[in-house]
Amino acid sequence: MATHSKKVFMQEVATRDGFQNEAQFIATEDKVRVVDALSLCGFAKIEVTSFTSPKAIPALRDAEDVMHQIKRQPGVEYTVLVPNVRGAERALSCGIDEANLVMSMSETHNRSNLRMTREQSFEQLRQVVAAISGSRVAINISLSTTFGCPMEGDVSEDEVMRWLDRFADIGVKRATLCDTTGMAYPSQVRSMASRAQQLHPDMAFTMHFHNTRSMAQANALASLSAGINRFDASLGGIGGCPYAPGASGNACTEDMVHMLELEGFDTGVDLNKLLEVSRTLPTLIGHDIPSQLLKAGPRLALHPAPEYTRDVK
């Protein structure tokens, strides 16, 4: 086993990024139960829900109820997605720790996903930043399709840096580089991560990978080699982007934690507790989940030898 013993901050997104995509509505008390269980697993941050219009995302129409009912654990940041000033007002009434804002680096994806131009998105998010500034609430900008767009193809590094500059200029100090449809690859990730940190040394960066093409863990290792130590991941690997139909979604939290711990990184996450929570997901959402670790167990989850081995002389 490697011995970096370097701290990595794991940020769980299943209850927002995962649950918002589920066809069947997950009861408020079940959402609360999952968040409360995740709160005891050792995460740095949990993205609980989204304060979008209930018409736009009916699956998360109970955002206020969930935020008011969860048991907050010391040391865990509770973040929510905030799309506009109305969403920010709703979120601030629930005592959030962080507001997560989202826009795409691809013009086409932004228009498809948010039904706005990027300039319109930026103006809306600038108003959100102004509304939250001065409170104790931190602000994070998640830049979707940073590593490629399913409709446009490659997104230039220069374009990503240009938008990072604009958010930094209005006082945003946290940013997530999102691989929205699993198009990222390690050398690209290393380059993007290095340049972002070089240009904005005071900004806290998170990587948000999808495992659509089975590269989430390779991309995480590439990020670590570039000095990034914050990662979003989703319990069971649930969630994903509607533009990659049939594909697995987010990087799976337990698979990622298992790999990082074997490589000598300290994630702070209790893998056994995490697997207990993951085990409840298929019943809750009504279908199987992509998690490999749930199927196979951790590397040293050993099996009894067959009886006949005793008779081999």
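Residues numbered from 1 in each chain as written. Predicted model: local features only at pLDDT ≥ 70, side-chain atom pairs only at ≥ 80, totals over all residues. Heavy atoms only, no water.

For the protein, the name recorded in an unreviewed UniProt entry is Hydroxymethylglutaryl-CoA lyase, with Zwartia hollandica as its organism. On record in UniProt, under Sequence similarities (unreviewed entry), the comment for the protein is "Belongs to the HMG-CoA lyase family." (UniProt positions renumbered as here; feature names shortened; annotations may be inferred.)

So, about the overall build of the protein. In terms of regular secondary structure, the protein is built from 13 helices and eight strands. A compact globule built from 313 residues should have a C-alpha radius of gyration of about 20 Å, and the protein, at 19 Å, falls within 12% of that. Taking the principal axes of the C-alpha coordinates as reference, the protein spans close to 75 × 45 × 35 Å. In the protein, which comprises 313 residues, the share counted as buried stands at 52%. Taking contacts inside the protein between residues at least 6 apart in sequence as the whole, the part at least 24 apart equals 75%. Taken as a whole, the protein presents about 13,800 Å² of accessible surface, with 51% of it coming from carbon and sulfur. Distance between charge centres in the protein, computed from 31 positive and 37 negative side chains, equals 1 Å. (Helix = DSSP H or I, 4+ residues; strand = E, 2+ residues; numbered from the N terminus. Rg over C-alpha atoms; globule rule 2.2 N^0.38 Å. Buried < 20%, exposed > 50% of the residue type's maximum accessible area, 1.4 Å probe, protein only. Contact = heavy atoms within 4.5 Å. Areas by Shrake-Rupley, 256 points an atom, 1.4 Å probe, with all protein chains shown as cover. Lys, Arg positive; Asp, Glu negative; His and termini not counted. Charge placed at Lys NZ, Arg CZ, Asp CG, Glu CD.)

Right, let's talk about the pattern of salt bridges for a bit. Summed over all chains, the structure comprises 19 salt bridges. One network of salt bridges, in which partners are shared, links Glu-107, Arg-111, Arg-118, Glu-159 and Arg-162. (Salt bridge = Lys/Arg side-chain N within 4 Å of Asp/Glu carboxyl O.)

Turning next to the environment of Leu-101. Along the chain, Leu-101 turns up in strand E4 (residues 98-104). Each C-alpha atom of the pair Leu-101 and Asn-140 lies 6.1 Å from the other, and the pair is 39 residues apart in sequence. Once residues lying within four places of it in the same chain are set aside, the contact partners of Leu-101 are Val-82, Leu-125, Val-128, Val-129, Ile-139, Asn-140, Ile-141 and Ser-142.

Turning our attention to the state of the cysteines. Covalent bonding between the sulfur atoms of two cysteines is what defines a disulfide. Scanning the entire structure with this criterion turns up zero disulfides. With no disulfide of its own, Cys-41 has Cys-252 as its nearest cysteine by sulfur position, at a separation of 13 Å. (Disulfide = S-S within 2.5 Å.)

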